[in-house]
Amino acid sequence: RTDLDTVAVRVDHVTVTVADLSAAESLFASMGFGVAPTDDPHVRLASAGGVTILLVSGAADPSVAAELASHGPGVAQIAVEVLNASFTHDALAAAGVGGLTDVIVDSDGQEQIFTLADAATGVRLVFISRTAHRVPMSAENVKAMYRALT
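Residues numbered from 1 in each chain as written. Predicted model: local features only at pLDDT ≥ 70, side-chain atom pairs only at ≥ 80, totals over all residues. Heavy atoms only, no water.

### Digging into the overall build of the chain
For clarity, the threshold we go by: Secondary structure elements are taken from DSSP: a helix is a run of H or I of four residues or more, a strand is a run of E of two residues or more, and numbering for both begins at the N terminus. When accessible area is computed with a 1.4 Å probe and restricted to protein chains, residues below 20% of their type maximum are described as buried, those above 50% as exposed, and intermediate ones as partly exposed. Residue burial considers only the protein chains on display, and all accessible areas are found by Shrake-Rupley using a 1.4 Å probe.
A count of helical and extended segments in the chain gives five helices and eight strands. If you list the helices and strands of the chain from N to C, you get α-β-α-β-β-β-α-β-α-β-β-β-α. Taken across its 150 residues, the chain has 43% of its residues classed as buried. With an accessible surface of roughly 7,400 Å², the chain has 58% of that area assigned to carbon and sulfur atoms.

Printed below as a string of structure tokens:
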């Protein structure tokens, strides 16, 4: 067993940067996802069953617009829920994972760690520990990820 195997719980959500929020909403709704507004008019929450996908327009924040300009639309990150963010951070650092942010704590007490995109796969991972009461993802959490990576 690895340290990550000890603390990883599940895929929490996937964040997708979109060029056209209305078109993305329509696509996900046509597939059967419920699409709901968030606290930001440029971010939507698409969900079905236990699957959560955040759709983020470049208008949400300058850092999102920069991401869209640099990398185009697509999966921005995959978030993995972990039991303990600090332990996860230390384990990843000890394993030599580069490009880790410090543990970022939001106003609801959720703790997150962001990684830079991997050069070989383009994948960015976020590790989130919902140490406080379980609250829905806010647009501010999502924008914090983009800001941390720019």
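Anyway, onward from the coordinates.
### Quick word on the sheet that holds strand E5 (residues 74–82)
What counts, and what does not: Pairing between two strands requires that DSSP report at least two bridges joining them. Every residue pair with non-hydrogen atoms within 4.5 Å of one another is taken to be in contact. Axes here mean lines fitted to C-alpha atoms, for a helix over just the part in contact, with angles spanning 0 to 180 degrees between N-to-C directions.
The mixed open sheet is built from eight strands, whose spatial order is E2-E3-E4-E1-E5-E8-E7-E6. In the strand order of this sheet, the two ends are held by strand E2 (34–37) and strand E6 (104–105), each with one partner. Lying over the sheet, helix H2 (residues 21–30) contacts strand E1 (8–18), E2, strand E3 (43–48) and strand E4 (51–57), oriented at roughly 160 degrees with respect to E4.

### Some details on the environment of Glu-140
Along the chain, Glu-140 turns up in helix H5 (residues 139–149). Separated by 33 residues in sequence, Glu-140 and Ser-107 place their C-alpha atoms 9.7 Å apart.

### A word on the nonpolar core
Note the cut-off: Residues enter a nonpolar core if they are buried and are Ala, Val, Leu, Ile, Met, Phe, Trp, Tyr or Cys, with the set joined through side-chain atoms within 4.5 Å.
Grouped together as the largest cluster of nonpolar side chains are nine residues: Val-16, Val-18, Leu-21, Ala-24, Phe-28, Phe-33, Ala-46, Ile-53 and Leu-55. For this core, the secondary-structure elements that each account for two or more residues are E1, H2 and E4. Per-element accounting of this core gives the leading share, three residues, to H2. In this view, Phe-33 contacts Phe-28, Ala-46, Ser-47, Ala-48, Val-51 and Ile-53; residues no more than four positions away in its chain are not counted.

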